[in-house]
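One letter stands for each residue in the lines below.
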Amino acid sequence: MENRRAQLRKKSMRLPLLPGVYIMKNKAGEIIYIGKAKALKNRVSQYFGSPNGHAVKVRKMVENVADFDYIVTDSEFEALVLECSLIKQHAPKYNILLKDDKGYSYIRIAGKTYKTISAVLQKQDDGAQYIGPYTSSFAVKQSVDAANKIFLLPQCGRDFDREPNASRPCLNYYISRCCGVCTGKVDKQEYAEAAEQAIRFLKGDTRAVLDMLRKQMEEASERLDFERAAKLRDRIASIQKMQEKQKVVFKSVEEQDVFSLAESENNVCLAVLRFSDGRLFDSEHFFFEKEGSAAEMLAAAITSYYTMQRQIPRRVTVDGAVEDQAEVERWLCEKRGKKTEIFCPQRGEQVEVVKMCRENAQEKLALKLGMRGRDVAVLEELRDLLGLKSAPAYIEAYDISHTAGQDSVGGMVVFQDGKPLKSAYRRFRIRSFAGNDDYRSMHEVLTRRFEEYEKQKDTKAGFGRLPDLILLDGGIGQVNAVKPVLDAFGLSVPLFGMVKDNRHRTRAIAQDGGEIEIRSNRRVFTLVSEIQEEVHRYSVAYHHVRHAKHTLSMTLCAIDGVGEKKARALLKQFKTLTAIREADVDTLCSAPGISKKTAQSIYAYFHAEEGSL
């Protein structure tokens, strides 16, 4: 593996410093990745250097590369156009491919006496009536759900023409979401009218449906059938409320597609919201493996999305920077045949649109990973606040604890996806010196941590895994003490300090050149405070254990014939001073290095008062 990597790196160093496209191939000669570069030599050689800074997906890809080819282009834009064309043609395994598996959607109307309405993705030869096709499954599902709720049609999927009507109704009946056909008490003619009105509503004939319902309500009132009139009144009110709700989502939002990414440790969710006439008419989301920075992934996602022959709007709104934005924008314009702009809003209503898209992406990703949406959101907010390339899914935090320089220890805690990962916690005894020097202690702890990384990095687990972010309990002094350690190991892990106020509460995050205020961001403040409190608790708890053992050891050393080594052996064997006191001479002799004479001295020391008057 290392030999092949070295050969590929040597080949890549001979590439020209020109824009172009590179094509990675496996042993079978199959294309597994296609990328573009401003300077082919610089970009391709990065793959075959040190794998430490590579994402998981990139490392997997490089492990499977047996050879590569390249095509030089006249400009970066030509490289982008060629890259999109080749990706569409070959569909490489490791490229971001947003598969267009959505197809068309239909409204299915089943049954004769008791018609039911549902949203489906395929039209089948099953005797049912179909309305469609529609390009937006999102809009179809919303419309069908609205019609079923307004007209109280069953959504349980039962065929009421075949199954017995009289049975126990489901929850929807009791919460007024269904008329309860299964009870056997629903009038057939009344149900048929409601189903027909629902179908007309779905076909867009809302005004005629409202006129019909108003007329029926008046007729029911004249017949003194006030119960039916009340039902019709509620149905009219529901339609009007639905109309008002769907009329305009954002008044000033023009035709546009909105893109936002949500990241976890290895996964990314892309959410796309599509607007027309101020109304959200479609929503999509895609999952893919994390690769590179958010700006790189967003650029790749946009080109992949519109490569699938989708209609391109005048505006593409994004949640953050897009790598090579000018080239991507030009590609969109040429593909559309009209002007298209990539827009990242900073204020106003458009920011709310982007926020809605971001929350959709966070919730979808959280659902996939079994997390909460706010856990994903806080890591992305921390990324933006600290200026990181990606959300820090794996965070290590460190603290030093001692009593006036005695029994000095270090604690390391790990937070994965915003939650404590206690199996990865580690403890350190300060060995290189004695005394009160927190900076020197932190330097030793991080040095030993990354020495273990060098030994275990092939395992990609425990100490063999690099964190996305390191937080130190302390200010800029601690950061300055640790930064030379990272430099010595050639690592570029983001490093920050956690600053406390005079009441020992989290106040800010320290970095080179100053501090970053975090109190204004509630979620980030809560997470950093939790990390700081946890690492402080963990290191102090270990210090108390070490200090207690030291105190016990000093007590035992006061006994004639017992030195530090024997004291440690006794504590290791009996755990507590009480157990040593209660042991007889023969039991004391079971401890390594304790002779019968020494055991008699220990026994006499603890039982001297028993023989006195």
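Below: a short report on this structure. (Residues numbered from 1 in each chain as written. Predicted model: local features only at pLDDT ≥ 70, side-chain atom pairs only at ≥ 80, totals over all residues. Heavy atoms only, no water.)

Let's talk about helix 7 (residues 188-202)
Given 3.6 residues to a turn, an α-helix orients residues that are three or four positions apart in the same direction. The end-to-end C-alpha separation of helix 7 is 21 Å, in line with the 21 Å expected for 15 residues at 1.5 Å each. Along helix 7, the residues classified as buried are Y191, A194, A195, Q197, A198, I199, F201 and L202. (Helix = DSSP H or I, 4+ residues; strand = E, 2+ residues; numbered from the N terminus. Expected span 1.5 Å × (residues − 1). Buried < 20%, exposed > 50% of the residue type's maximum accessible area, 1.4 Å probe, protein only.)

Some details on the packing of helix 12 (residues 349-369) against helix 13 (residues 373-386)
One way to put it is that helix 12 packs onto helix 13 with a least axis distance of 7 Å and a crossing angle of 120°. With respect to helix 13, the axis of helix 12 lies oblique. Remark: the crossing between helix 12 and helix 13 carries right-handed chirality. In this structure, helix 12 uses R358, Q362, E363, L365 and A366 to contact helix 13, whose residues at the interface are G373, V376, A377 and E380. Class assignment for the residues of the contact of helix 12 with helix 13 results in four nonpolar, two polar and three charged. (Axes fitted to C-alpha atoms, helices over the stretch in contact; angles between N-to-C directions. Parallel < 35°, antiparallel > 145°, perpendicular 65-115°, else oblique. Left-handed = near helix turned anticlockwise from the far one by under 90°. Contact = heavy atoms within 4.5 Å. Nonpolar A, V, L, I, M, F, W, Y, C, P; charged D, E, K, R; others polar.)

Concerning the pairing of strand 16 (residues 469-473)
With five of five residues buried, strand 16 lies mostly within the body of the structure. Neither face of strand 16 is left uncovered, since the one carrying L469, L471 and D473 and the one carrying I470 and L472 both have all their residues buried. Across four bridges, strand 12 (residues 394-403) lies against strand 16 in parallel orientation. Bridged to Y398 within strand 16 is L472. Note that the unit made of strand 16, helix 15 (residues 476-488) and strand 17 (residues 495-500) has a crossover that is right-handed. (Pairing = 2+ DSSP bridges. Right-handed = clockwise from strand over helix to strand, strands pointing away.)

A few points about the environment of D211
Mapped onto the secondary structure, D211 falls in helix 8 (residues 206-222). The exposure class of D211 is partly exposed, given its relative accessible area of 44%. Note: C-alpha distance between D211 and I236 (25 residues apart in sequence) is 9.3 Å.

Re the sheet that holds strand 3 (residues 67-72)
Spatially, the three strands line up as an open sheet ordered 2-1-3, and their pairing is antiparallel. Looking at which strands have only one partner, the edges of the open sheet turn out to be strand 2 (31-37) and strand 3. Ignoring strand direction, the axes of neighbouring strands in this sheet form an average angle of 20°. Relative to strand 3, strand 1 (residues 20-25) runs antiparallel, the two sharing six bridges. When the sheet's bridge partners are listed, I23 is paired in strand 3 with D69.

A closer look at the sheet that holds strand 7 (residues 256-263)
Across the sheet, five strands lie side by side as 9-8-7-10-11; this open sheet has mixed pairing. Only two strands of the sheet have a single neighbouring strand rather than two, namely strand 9 (279-289) and strand 11 (341-343). Taken over all neighbouring pairs, the strand axes of this sheet differ in orientation by 20° on average, direction set aside. Pairing analysis gives four bridges linking strand 7 to strand 10 (residues 315-318), with the strands arranged parallel. Bridging across to strand 10, D257 finds its partner in V316. Relative to the sheet, helix 12 contacts strand 7, strand 8 (267-276), strand 9, strand 10 and strand 11, its axis offset from that of strand 8 by approximately 140°.

Geometry only, nothing functional implied.
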